[in-house]
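# Topology and contacts: notes
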Amino acid sequence: MNINLVRARADTPGVKYVAHLNNAGASLAPKPVIDAVMGHLRLESELGPYEAAERARVAVERGHSALADLLNCHSDEIAMFESATRAWGAALSSIALGPGDRVLISPMEYGSSYLSFLHLARRTGVQLEVLPVDADGLVDVAELRDHIDERVKLIAMTHVPMHDGLIYPVAAIGRVAREHGITYLVDASQSIGQLPVDVRQIGCDMLVGCGRKFLRGPRGTGFLYARREFAEQLSPGTVGLDGVEWDGVGYRFAPAARRFDTWETNCATRIGLGVAVDYALSWGIENTWHRIRELAAGLRVDLASIPGITVEDRGRERCGTIALTVHGQAAELVRAELQRAGINTWVCLSNAACVDMRRRGISSLLRVSVHYYNSAEELARLCTVLESLTVGPALKVAS
Ligand SMILES: *Cc1c(COP(=O)(O)O)cnc(C)c1O
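Residues numbered from 1 in each chain as written. Predicted model: local features only at pLDDT ≥ 70, side-chain atom pairs only at ≥ 80, totals over all residues. Heavy atoms only, no water.

Identification of the chain as Selenocysteine lyase/Cysteine desulfurase from Micromonospora eburnea is taken from an unreviewed UniProt entry. Recorded in UniProt for the chain, the comment headed Cofactor (unreviewed entry) runs: "pyridoxal 5'-phosphate". Under the Sequence similarities (unreviewed entry) heading, UniProt states for the chain: "Belongs to the class-V pyridoxal-phosphate-dependent aminotransferase family." (UniProt positions renumbered as here; feature names shortened; annotations may be inferred.)

Put into structure tokens, the structure is as follows:
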């Protein structure tokens, strides 16, 4: 089914002010999400925050069950965090790993995720190994098998990286992990809300994501999925009321992923996340994905036809994120020019996608990321401004 663009844009107040092509950073929120968050803040100010939470209990809880619907899992397999980085850290610190254990990752890990692994290696003595990739930037599944022995205890993959349109074959890698009984962790921060993410089909033990990117939820929201039987063995680094069953003497962890929950939370943003997921489900992820792919594929062709612009992203199948370099122009200055023209994009620096960008010798990329609510006119405007920059003199920092 096609996306009704008129309705999508009418639901998105921000499109009146800006052509937002920074959806991989954080999307413009739709009206139902804005209303839910602001409505709850108002309720807190009128009833008292605890009293407002009691009144809104069902809406606060909906975050868990809505994500479960989206990911094809149970609501007790979901834990909430204020970012994907927090969820990632909680996941890594709850797995039993020790000196000599091998951890295999791809070079596409987000900077903070990679740092978490460096930290894990320092804390526990695990051996971190970055897998080689093919010309399309992908980990080769046959090659992955060659790296496996009984010391490999964890495989971690990023579904879609923050700096490139490529999509990782996470389900094929999941099959290898399962064959060998290796714990499998997936970073879906960029794919969630953009393309179908089904944890059963991927076959992962854990998966993290955030709310503000393609899900169009509030900032400061993230989540962890942990498969029920797997989660029962996890020992969280933080425990608190809500994460345990506690009789005043002894305690037991709450079922599955609920053991990661703590009592205090930002109710307004959690409600907003649940609404964002329901809103995404109402459009249909398949429909969203179809439109994003179509818009991005057309835009890649248009951008590549502009002399001086190189589309840098790889992959056999690509998503709504496009990475560019503009010959002779610094990405930061191009972004500033675009922003002046009312077009939001972003610059990926090599410390955010450390391994891959450093390996390729790229220090910065201009990132353009489209969502289903973007219009053809916005994309044409982007191309016009970029075209004018490639023929002009090199941009300079305003003094
Ligand atoms: C944004 C991002 C993260 C981190 O998410 P936060 O919510 O900012 O912590 C992790 N991985 C990828 C691929 C991302 O794009």
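## Overview of the overall build of the chain
Scanning the chain for helices and strands turns up 15 helices and 15 strands. Against the globule reference of 21 Å for 399 residues, the chain gives a C-alpha radius of gyration of 22 Å, in line with a compact fold. Dimensions of the chain, computed from C-alpha atoms along their principal axes, come out at roughly 75 × 60 × 45 Å. Here the chain, with 399 residues, has 56% of them falling under the buried criterion. Sequence-distant contacts in the chain: of pairs separated by 6 or more residues, those separated by 24 or more amount to 70%. (Helix = DSSP H or I, 4+ residues; strand = E, 2+ residues; numbered from the N terminus. Rg over C-alpha atoms; globule rule 2.2 N^0.38 Å. Buried < 20%, exposed > 50% of the residue type's maximum accessible area, 1.4 Å probe, protein only. Contact = heavy atoms within 4.5 Å.)

## Points about the domain arrangement of the chain
With domains assigned, the chain is organised as domain 1 (5-30 + 284-391) and domain 2 (32-282). Each of domain 1 and domain 2 has a C-alpha centre, and the two are 26 Å apart. Buried surface at the junction of domain 1 and domain 2, summed over both partners, amounts to about 3400 Å²; 57% is from carbon and sulfur atoms. Per-residue buried area on domain 1 facing domain 2 is highest for P30, I285 and R314; these three make up 19% of the total on that side. Viewed at the interface, domain 2 and domain 1 are joined by four salt bridges. Where domain 1 meets domain 2, there are 25 residue pairs in polar contact (both at pLDDT 80 or more). Of the residues that constitute the side of domain 1 that touches domain 2, the class distribution is 21 nonpolar, twelve polar and 13 charged. (Domains from an automatic or database assignment. Buried area = accessible area lost by both parts, 1.4 Å probe. Salt bridge = Lys/Arg side-chain N within 4 Å of Asp/Glu carboxyl O. Polar contact = N/O pair within 3.5 Å; in protein donor to acceptor, adjacent residues only side chain to side chain. Nonpolar A, V, L, I, M, F, W, Y, C, P; charged D, E, K, R; others polar.)

## Quick notes on the pairing of strand β8 (residues 222-226)
Judged by how many residues are buried, β8 sits mostly within the fold: five of five residues are covered. Covered by surrounding structure in β8 are G222, L224 and A226 together with F223 and Y225, the residues of both alternating faces. Here strand β2 (residues 78-81) runs beside β8; their pairing, made up of four bridges, is antiparallel. Each bridged residue has a counterpart across the sheet, and for I78 the counterpart in β8 is Y225. Relative to β8, strand β7 (residues 206-210) runs antiparallel, the two being bridged by five bridges. Pairing of L207 across the sheet is with Y225, part of β8. (Pairing = 2+ DSSP bridges.)

## As for the environment of V141
By the secondary structure assignment, V141 is in helix α7 (residues 141-146). Residues V141 and V176, spaced 35 residues apart in sequence, show a C-alpha to C-alpha distance of 7.8 Å. If near-sequence neighbours (up to four positions away) are discounted, V141 is found in contact with A172, I173 and V176.

## Focus: the site of the ligand
Of all residues adjacent to the ligand, which total 13 residues, the nearest are T85, D187, Q190, R212 and K213. Contact distances for the ligand include 2.9 Å between an oxygen atom and a backbone N or O atom of A84. Within the complex, 93% of the 380 Å² of free accessible area of the ligand lies under protein. Taken together, the residues of the shell around the ligand sort by class into five nonpolar, five polar and three charged. (Near = heavy atom within 4 Å. Areas by Shrake-Rupley, 256 points an atom, 1.4 Å probe, with all protein chains shown as cover.)

## Re the sheet that holds β2
One open sheet holds the seven strands; their spatial order is β2-β8-β7-β6-β5-β3-β4, and the pairing between them is mixed. Looking at the sheet topology across the chains shown, the edges are occupied by β2 and β4 (127-130). Between one strand axis and the next, the sheet turns through 20° on average, direction left out of account. Docked against the sheet, helix α5 (residues 84-94) engages β2, β5 (152-158), β6 (183-187), β7 and β8, running at close to 160° with respect to β7. (Axes fitted to C-alpha atoms, helices over the stretch in contact; angles between N-to-C directions.)

## Concerning the packing of helix α13 (residues 331-340) against helix α15 (residues 376-391)
Close contact between α13 and α15 brings their axes to 10 Å; oriented N to C, the two are set at 130°. The orientation of α13 with respect to α15, classified from their angle, is oblique. Every pair of crossing elements has a handedness; the one defined by α13 and α15 is right-handed. Facing α13, whose interface residues are V334, E337 and L338, α15 presents L382, V385, L386 and L389. (Parallel < 35°, antiparallel > 145°, perpendicular 65-115°, else oblique. Left-handed = near helix turned anticlockwise from the far one by under 90°.)

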